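Per-entry structural report
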Amino acid sequence: LSSETKTGDLLGRYVGDPNSWSGIKMHVGPFIDAFEGRKDEEGNELSCVLLLDEINLANQECLHFIEEALDSDEISTEIPGMPLRKIQKGPGFRLIATQNPNKGLFVHKRQDLGLKFLSRFQVINFPKLDDNELKDIALGLAQCDDFNYKNDLQLINDLVSFHVKWSELPEIRDEVQCFTIREIEATIHALCGSDALNPYDAVMTIYGARYQKDKKLLLVDTLLSYNSFKKYQ
């Protein structure tokens, strides 16, 4: 989800269909598809799970629609060109919504969902990954066959240490863009294969591409404080 997601994206929309006499057909959206449910060949209700990622980036229109559907167990919708439909919630419908918190690396980048909305869910909070967990994940990613620096385990440790230090710098922490484990993963992938970058260039490409000169110089100074990157400069 994002601020650009419309309720119609969840409900359904017309799409091109060269096999239709009109040239278009109705594509049922993911919310209706899961909400209405399905049955197997013997008529038994199937479990239909809908995952809405980044729920706290959705606009109020989408949130209001989701809230109403969960409260009433019914969707009343009139898609242009189709009659009014009342869709009852199937017994197999399950809704999972995920989000990053509006704090830490993500502060001011998303909205706080109200208690009224959250009361429809069983809330599970996952703590921030600590440095050791990040290193375990990074070491796991580096086990791929074509990783070119298998004999340099310190490089992985320094990559994670640099990532944490850079992400938490005051000059970087409050920016609209944030750094997550995705950047660690992308850097390790950039160090794989015959066309791999060297570690210094990989970090400068993945972390530094978004910056102008002043921030890029700060990035260089921070990166070169780790010997693993200094020797590959």
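Shown above is the structure to which this text applies.
What comes next is a walk through the structure.

Each value, and the rule that gives it
- Residues numbered from 1 in each chain as written.
- Predicted model: local features only at pLDDT ≥ 70, side-chain atom pairs only at ≥ 80, totals over all residues.
- Heavy atoms only, no water.
- Helix = DSSP H or I, 4+ residues; strand = E, 2+ residues; numbered from the N terminus.
- Buried < 20%, exposed > 50% of the residue type's maximum accessible area, 1.4 Å probe, protein only.
- Contact = heavy atoms within 4.5 Å.
- Arc of directions from axis to C-beta.
- Core = buried A, V, L, I, M, F, W, Y, C linked by side-chain atoms within 4.5 Å.
- Patch = residues over 30% accessible without salt bridge, like charges linked within 9 Å, V, L, I, M, F, W, Y side chains within 5 Å.
- Areas by Shrake-Rupley, 256 points an atom, 1.4 Å probe, with all protein chains shown as cover.
- Salt bridge = Lys/Arg side-chain N within 4 Å of Asp/Glu carboxyl O.
- Pairing = 2+ DSSP bridges.
- Disulfide = S-S within 2.5 Å.
- Phe/Tyr/Trp six-rings, centres within 6.5 Å; stacked < 30°, edge-to-face > 60°.
- Expected span 1.5 Å × (residues − 1).

The next thing to look at is the overall build of the protein. What the protein contains, in helices and strands, is eleven helices and six strands. Within the span of the protein, comprising 233 residues, buried residues form 36% of the whole. Long-range pairs, those at least 24 residues apart, make up 63% of the contacts in the protein between residues at least 6 apart in sequence.

Moving on, we come to helix H8 (residues 181–190). The complete set of buried residues in H8 reads Glu 183, Ile 184, Thr 187, Ile 188 and Ala 190. In a view along the axis of H8, the buried residues occupy a sector of 160°, so they form one face of it. If you follow the buried residues of H8, they end up packed against helix H5 (131–141), helix H6 (153–167) and helix H9 (199–206).

The biggest cluster of nonpolar side chains holds 32 residues, and the ones touching the most others in it are Phe 147, Phe 162, Trp 166, Ile 184, Ile 188 and Tyr 207. Of all the elements in the fold, those that place two or more residues in this core are H5, H6, H8, H9 and helix H10 (213–223). Per-element accounting of this core gives the leading share, seven residues, to H6. Contacts of Phe 147, omitting those with residues within four sequence positions, involve Ala 142, Ile 156, Ile 188, Leu 191 and Cys 192. Counting 23 residues, the second-largest nonpolar core is a separate cluster that includes Leu 10, Leu 50, Ile 75 and Ile 87.

A few words on a nonpolar patch on the surface. On the surface, Val 49, Leu 51 and Ile 96 cluster together to form a nonpolar patch covering roughly 280 Å² of accessible area. Relative to the helices and strands, Ile 96 resides in strand E6 (residues 93–97). Judged by relative accessible area, which is 43%, Ile 96 ranks as partly exposed.

On a regular strand, one side chain projects to one face of the sheet and the next to the other, so that they alternate. In strand E3 (residues 48–52), alternate side chains face the same way, and those of Cys 48, Leu 50 and Leu 52 are buried while those of Val 49 and Leu 51 on the opposite face are not. Pairing of E3 with E6, which is carried by five bridges, proceeds in the parallel orientation. Residue pairing across strands places Leu 52 opposite Ala 97, the latter belonging to E6.

With phi around 60°, Glu 54 is a residue other than glycine that occupies positive phi space. Take Glu 54: it is sitting in the loop between E3 and helix H3 (60–72). By relative accessible area, Glu 54 is classed as buried at 16%. The backbone of Asp 73 shows a phi angle near 60°, a positive value even though the residue is not glycine. As for its placement among the helices and strands, Asp 73 is situated in the loop between H3 and strand E4 (74–77). Among the residues examined, Asp 73 registers a relative accessible area of 34% and is labelled partly exposed.

In this section: the state of the cysteines. Counted by the stated rule, this structure contains zero disulfides. Free cysteine Cys 192: the closest other cysteine sulfur is in Cys 144, separated by 3.4 Å.

According to the stated counting rule, one finds 13 aromatic pairs in the structure shown. Ring centres 6.4 Å apart and planes at 55° place the aromatic pair Phe 162 and Phe 229 in the tilted group. On the criterion of sequence distance, the pair formed by Phe 162 in helix H6 and Phe 229 in helix H11 (residues 227–230) is long-range, its members being 67 residues apart. Pair check on accessibility: Phe 162 and Phe 229 agree, each one buried. For the ring pair Phe 179 and Tyr 211, a centre distance of 6.4 Å and an interplane angle of 35° mean the geometry is tilted. Linking Phe 179 in the loop between helix H7 (170–173) and H8 with Tyr 211 in the loop between H9 and H10, this pair joins segments that are 32 residues apart in sequence.

With that out of the way, let us pick up H3. Between its first and last C-alpha, H3 extends 18 Å over 13 residues, near the 18 Å set by a 1.5 Å rise per residue. Three or more residues of H3 are buried, namely Cys 62, Leu 63, Phe 65, Ile 66, Glu 67, Ala 69 and Leu 70. Summarising the contacts, the buried residues of H3 are in contact with helix H1 (7–11), helix H2 (30–36), E3, E4, E6 and helix H4 (115–118).

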